[in-house]
Amino acid sequence: MFGAPSIGSEVPSDRDLRSLIVKAISPQVGLTPLPGFKLDLSANPDFRKVFFKASCECGTSALLSVEVGGDKTVDQITDALPLLVDRLERQAGVFSKMTCDAHQRLRLGPAVQK
């Protein structure tokens, strides 16, 4: 995949970008990559997103993503990876620490009465 010396200055394919990010995530976080998932809510159309799912035993799932500039090289992404992955893992941690009641309120929104 990334064997040639000049590869670090190349823009990775979507598959290689996802692979870089997935390999940097701690397995204990419990994130599931969602290859092929496309959702373009970014204010910047030149960015690429890699999506992940965080799940709870109550059946609620959170959609999390890492957004990377479309022109970023392997070296640039590798340099930023610790920060990107830390942010992703913190978001997953916040979701996993929420109660199932809080997850239900997220799922159902204003329809849930307390």
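Residues numbered from 1 in each chain as written. Predicted model: local features only at pLDDT ≥ 70, side-chain atom pairs only at ≥ 80, totals over all residues. Heavy atoms only, no water.

K.L.:
What is the right way to look at the side chain of Arg48 in this model?
P.N.:
Note on placement: Arg48 falls in strand β2 (residues 47–55). Among the polar contacts made by the side chain of Arg48, one reaches the side chain of Asp14 at a distance of 2.7 Å. Excluding anything up to four places from it in sequence, Arg48 contacts Val11, Pro12, Ser13, Asp14, Leu17, Val66, Glu67, Val68 and Gly70. (Helix = DSSP H or I, 4+ residues; strand = E, 2+ residues; numbered from the N terminus. Polar contact = N/O pair within 3.5 Å; in protein donor to acceptor, adjacent residues only side chain to side chain. Contact = heavy atoms within 4.5 Å.)

K.L.:
Even after reading the chapter, I still don't get the environment of Ser61, so can you show me in this structure?
P.N.:
Mapped onto the elements of the fold, Ser61 is located in strand β3 (residues 61–69). It is 9.8 Å that separates the C-alpha atoms of Ser61 and Ser96, two residues lying 35 residues apart in sequence. Excluding residues that lie within four positions of it along the chain, Ser61 makes contacts with Lys53, Ala54, Ser55 and Phe95. Of note is the side chain of Ser61, whose polar atom sits 3.2 Å from the side chain of Ser55.

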